[in-house]
Number of protein chains: 4
Amino acid sequence: MNFASDNTAPMHPRVLAALERANAGAAMPYGNDPLALGVERKIADLFGRDCAVFLVSTGTAANALALAACCPPWGSVYCHPEAHVDDDECGAPEFYTGGAKLVGVEGAHGRIAAADLDAALAGAGKGVVHHVQPAVVSLTNASEAGTVYTPAHTGALAEVAKRHGVRLHVDGARFANALGTLGCTPAAATWQAGVDILSFGGTKNGCMAVEAIVVFDKALAETLAFRRKRAGHLFSKMRFLAAQMDAYLEGGLWLDLARHANDAARRLAEGLGRLKGAALVHPVEANEVFIDLPEAAIAATEKAGYRSYRWLGPGTQRLRLVCAWSTRMEDVDGFVQTAAAALA
Amino acid sequence: MNFASDNTAPMHPRVLAALERANAGAAMPYGNDPLALGVERKIADLFGRDCAVFLVSTGTAANALALAACCPPWGSVYCHPEAHVDDDECGAPEFYTGGAKLVGVEGAHGRIAAADLDAALAGAGKGVVHHVQPAVVSLTNASEAGTVYTPAHTGALAEVAKRHGVRLHVDGARFANALGTLGCTPAAATWQAGVDILSFGGTKNGCMAVEAIVVFDKALAETLAFRRKRAGHLFSKMRFLAAQMDAYLEGGLWLDLARHANDAARRLAEGLGRLKGAALVHPVEANEVFIDLPEAAIAATEKAGYRSYRWLGPGTQRLRLVCAWSTRMEDVDGFVQTAAAALA
Amino acid sequence: MNFASDNTAPMHPRVLAALERANAGAAMPYGNDPLALGVERKIADLFGRDCAVFLVSTGTAANALALAACCPPWGSVYCHPEAHVDDDECGAPEFYTGGAKLVGVEGAHGRIAAADLDAALAGAGKGVVHHVQPAVVSLTNASEAGTVYTPAHTGALAEVAKRHGVRLHVDGARFANALGTLGCTPAAATWQAGVDILSFGGTKNGCMAVEAIVVFDKALAETLAFRRKRAGHLFSKMRFLAAQMDAYLEGGLWLDLARHANDAARRLAEGLGRLKGAALVHPVEANEVFIDLPEAAIAATEKAGYRSYRWLGPGTQRLRLVCAWSTRMEDVDGFVQTAAAALA
Amino acid sequence: MNFASDNTAPMHPRVLAALERANAGAAMPYGNDPLALGVERKIADLFGRDCAVFLVSTGTAANALALAACCPPWGSVYCHPEAHVDDDECGAPEFYTGGAKLVGVEGAHGRIAAADLDAALAGAGKGVVHHVQPAVVSLTNASEAGTVYTPAHTGALAEVAKRHGVRLHVDGARFANALGTLGCTPAAATWQAGVDILSFGGTKNGCMAVEAIVVFDKALAETLAFRRKRAGHLFSKMRFLAAQMDAYLEGGLWLDLARHANDAARRLAEGLGRLKGAALVHPVEANEVFIDLPEAAIAATEKAGYRSYRWLGPGTQRLRLVCAWSTRMEDVDGFVQTAAAALA
């Protein structure tokens, strides 16, 4: 009954089983074990091309390392003002880059429009020594508003980025949820659309703690091994990161879990959307629902033990509800019915 | 048959079981779950005093965060030249502190003598704007040479540190091994001897990936929550770090495992030490053996499938042999017999 | 005939003469000469209270050092989006702080309103580990729009800052111009209104290259000597920074020069403001004029050899015109007449 | 009568006159004035090849920027343990590089031997993720011991550096003194011997505050404009840095001044070296004398008003005596006679 965050979910049993299997006997440390080496190939196969892969244990680490690989200390990162990298990582990108600046580009429903990005980059003073230098655009897919970027949208942004000589990063903490909706290949949503580097999330979607930095432009990979080690993100017992990712990808588990979470969110949105006084804030395209609800409805669900997030602060009536791989449909229905009953 | 590093060992079954138990249902993220909160109390109980605790997943992160809490960007860290923080972390302390300098203080068998520390600090130019400012001393206990600091030794160094106005940090990646030998309380080896902050290791001794930064002088704790988050070391599913540490401490498992590793190392040292041409490099006080051996002996063990580390580079005859909680005594005996047979 | 910037002006002859006088014989380096020590007292006298003073050679250095003294790496700096520290210093505050974030607070005519600051700080997530922590507010007085903050306005902002536990910095690259207009004491405009630390500019107003960081809350001064040295901003021949500042303050030269520049700007604004099609963008309260003018008028002045700055880019019709201590009134009148003639 | 440091000397009159000339009228800021542009060509002519030039006001800034251009945050700088960059800049290289490590290579008389450098680099763990990565060697010429590197010596070190894939930087705070002794061309002592980047000092040898970063491998220049601005070292009134350097180079003034200082040091060394109980510590090849003297001799000179530097601390009998362009030969003779009289 917890809709507060997908971070509250446990590991999927198959991920846990993989940890157990990986625990047999000795293994060479620091990624030199067969499991770690195998996962790199598995990810390359998934994306249908050669790429460099760096496993880490948190999304903040994945994003900050990926951005640091793209952006010098005097550079700037263009992102939506609600981007996790700007808002929720306590300045991790600034720390890892050595002091870069994050520049917000507004856009409806958590997405940046290509024309707005173009205008922002055009006005940035490229080459002028008084200004930080645009270095990378960071998209979140699925976005913090629960929407997704289509390959066409990503491609349009990539075209702008390339034209201005900057890189394109995707924060894919919920990349599985995006793909679950888009239905395209991982390749189509990333490098074929012009993405240079991806934070590919596992933690929110059934893993314990694992994210992969997937580097499509291998020129960006050169510094990452040193950056990761220096940040304390190279696990000695790397096999336990690898095991999670391996199980996550095996047999398409990652997509199955994401689709379940997306389905739950859509069902929740449909149910709540029909209530009197309810208003969806953003289209529900992944596993998050942002909705304005009457206080009576909210209060009733809270009293019944459902956890959610009053998005604009205590006492306000906008909820964020997040569904996870482990969300039960009866809890979705229970939430809707509890809210409906309160308004009846 | 792997003596290359204690990093090659798997998790202890009780740690794995704890992960499994922790995986039941939803839990609040970022350390707000009961398991995480409970572990902080458990560590405080273990050390017999109020302290602040920050769990992270690697020793490099624990050390770098702890040192950054003690040392400004223009500060310096005094440590043995072989210290892991200086030699094996790709500059992590420099990264986390924002550019501090590590200053080596030589000493026999991986330990710093109080008089040498005193002399180094006295000559450091405290208060002179042209020089980096001494801020913290970092000891490794058990040391990189497999020796330990007694409480008296630690206390003597603490006295010097206090007199010069600098902090005392202990890198305790193998703190369990040190205590297994010392037989004193955790308190006696740390805060009662004047230690301000400790990196308390679990990873090398039966855990998957968990270390606790234990802050005895709580004034040093103020910045750590932000530093940890900003570095990407705050796990969202913190329960899985907490579960490891909880099982590690429960029933004294940590000490039992360390004592086994220490026993294995001592047995290995005794067996090898009797061989003709063998010479121990350092006293064996924890779970590491540094020994010069005839090439025939080394070659024979390698050929038989034992893994060890030629400490001075390929082709040299000094071995580092590390025993872990999982080292089997028959492998210890097998190693000795193989070496002995080669020299017969 | 150069209205492009006050940076284009030469030294005032009395400043040059001071350099010449300071050049006699040997002097102890690094600020231990009588001139350097004397200037610190002179500034304390000027501000009517004990304060710590650090001379540097550029405004960027003064601002970045001052902000770094107030703001940890995980902190944030609140400023107007047009603030020099955010827009024109290539990320110097980010570099010096070790990666802090600059947060823009919009406001008319280059000034922040107290209520807007209050709202921004209230929503910043103070104490929440996911967000950078508000640490300092930076005002520019005179502002980048050529307006000034009155002591009452500064005081209102200081009240908000104090209430939220953050520091108040003033970028006073044009502090002399502000005071020339305000007519109050330096004390009234700064520490009596709640300012903690001031970048007190000399370079734009008759000096060669000197700015003083004036620290009213001496707790903030502790780290600055090390920060300045470490940044390469401690001059060995400090007497030549001190000599400039000494001559600048002597006999109120700084205020005389600023008043001349302000008078010139006001005269320019009045003359141009009367032209058909002209529209002042901001009130002219210091030495800068922002004005929309017909293209014919602009083109005529450019053709006649007057230098100005098309503020919104090439081909646009908004000018920034800056007057300096050395601006000649006949050039002011000439500019106006040239523009007027073009529109006749 | 000041032998404490060459930093105590005033500007040469021709440098002061150049400041005066540069002060006429308005000039474009930030290095876009004719004087600044002309100096870059003048330095290129002096070195007989195309190079990029960045003027700054302190030696610490020149060194730290130059090293940062060569060395990533996870890199290491190899230098003599007495190097100014390691010992006397309060960690400026660490600050500017974002946390690199300085590694000392011992050597007699302040100089590094090629074989020792080779051994140090060979043992550095190039390519191994646990270790910081060797990036640059920094020589000081003339060295902190008052000795010089010949072109052959520099070339031998460059050969080692190139072989290990690292850069070669020269800290030339006293480059003029080195050349005054070597008698070779600036080219022979630098790029023809394999130097990639040079800090070319003016401040200690007759200027007020100016150093040029001279970049022979222009690939290293790319980031420097941004790094300089971001560090607050881009002067708005750049003409006043350029004027100093212009006068310094004009007519070979820089070499004339350095030769005078070198002559004075040699004369001082010869005079003192003949005294009973005196022992030169290093060969005197530039403008510094390191000498052990009887206490009676030292005390007599101090009583007579001569300033020098007790190199090993108060109460010790090793002096550093530095001669400058402005040192008078009668003061040299007076020092020697005073010391001699005390021992008679």
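Bear in mind the structure is a predicted one, so any value in this text is a computation, not a measurement.

Cut-off values and rules
Residues numbered from 1 in each chain as written. Chains lettered and ligands numbered in written order. Predicted model: local features only at pLDDT ≥ 70, side-chain atom pairs only at ≥ 80, totals over all residues. Heavy atoms only, no water. Contact = heavy atoms within 4.5 Å. Buried area = accessible area lost by both parts, 1.4 Å probe. Polar contact = N/O pair within 3.5 Å; in protein donor to acceptor, adjacent residues only side chain to side chain. Least-squares fit on C-alpha atoms with pLDDT ≥ 70 in both. Helix = DSSP H or I, 4+ residues; strand = E, 2+ residues; numbered from the N terminus. Axes fitted to C-alpha atoms, helices over the stretch in contact; angles between N-to-C directions. Left-handed = near helix turned anticlockwise from the far one by under 90°. Phe/Tyr/Trp six-rings, centres within 6.5 Å; stacked < 30°, edge-to-face > 60°. Buried < 20%, exposed > 50% of the residue type's maximum accessible area, 1.4 Å probe, protein only. Lys NZ or Arg CZ within 6 Å of the ring centre and 35° of its normal.

Trainee: Tell me what's going on with the interface of chain A and chain B, and back it up with residues and numbers.
Mentor: With 47 residues of chain A at the contact, the number on the chain B side is 47 residues. The contact between chain A and chain B buries some 4,000 Å² in all, and 61% of this surface belongs to carbon and sulfur atoms. Of all residues in chain A, Phe-95, Arg-230 and Lys-237 of chain A bury the most surface against chain B, accounting for 19% of the area lost on that side. Counting across the chain A and chain B interface gives 31 residue pairs in polar contact (both at pLDDT 80 or more).

Trainee: Could you give an account of the relation of the copies chain A and chain B, with specific residues and numbers?
Mentor: Mapping chain A onto chain B calls for a rotation angle of 180 degrees and an axial translation of 0.0 Å; the resulting RMSD is 0.0 Å. The operation mapping one copy onto its partner corresponds to a two-fold rotation axis. Across chain A, the smallest distance between a C-alpha and the rotation axis is recorded for Ala-231 of chain A, namely 3.6 Å. Taken as a fraction of all interface residues of chain A, those also at the interface in chain B reach 100%, which identifies the copy contact as same-surface.

Trainee: Just give me the short version of unusual backbone geometry, but keep the residues and values in it.
Mentor: Residue and element names in this part refer to chain A. Across the junction of Asn-141 and Ala-142, the peptide omega takes the value 0 degrees, indicating a cis bond. Along the polypeptide, Ala-142 turns up in the loop between β4 (133–140) and α7 (151–163). Look at Tyr-30: it is not a glycine, yet its phi comes out positive at around 60 degrees. Residue placement: Tyr-30 occurs in the loop between α1 (13–22) and α2 (34–47).

Trainee: Now, about the packing of helix α2 (residues 34–47) of chain B against helix α11 (residues 239–249) of chain B: what can you tell me, with residues and values included?
Mentor: All names here are of chain B. One way to put it is that α2 packs onto α11 with a least axis distance of 8 Å and a crossing angle of 35 degrees. In the packing of α2 onto α11, the handedness of the crossing is left-handed. Contacts from Leu-35, Ala-36, Val-39, Lys-42, Ile-43 and Leu-46 of α2 reach α11 at Arg-239, Ala-242, Ala-243, Met-245, Asp-246 and Leu-249.

Trainee: I'd like a rundown of the packing of aromatic side chains, residues and numbers included.
Mentor: With the rule as written, the count across this model stands at 58 aromatic pairs over all chains. Centroid distance Phe-95 of chain D to Tyr-96 of chain D: 5.4 Å. Interplanar angle 75 degrees. Geometry classified as edge-to-face. Across the pair, Tyr-96 of chain D and Phe-95 of chain D agree in class, each one buried. Three or more aromatic residues joined by ring pairs form one cluster here, namely Phe-47, Phe-175, Phe-200, Phe-216, Tyr-248 and Trp-254 of chain A. Looking at Arg-49 of chain A, its charged tip hangs above the ring of Trp-191 of chain A, at a distance of 4.8 Å from the centre.

Don't take any of this as a statement about function, it's just geometry.
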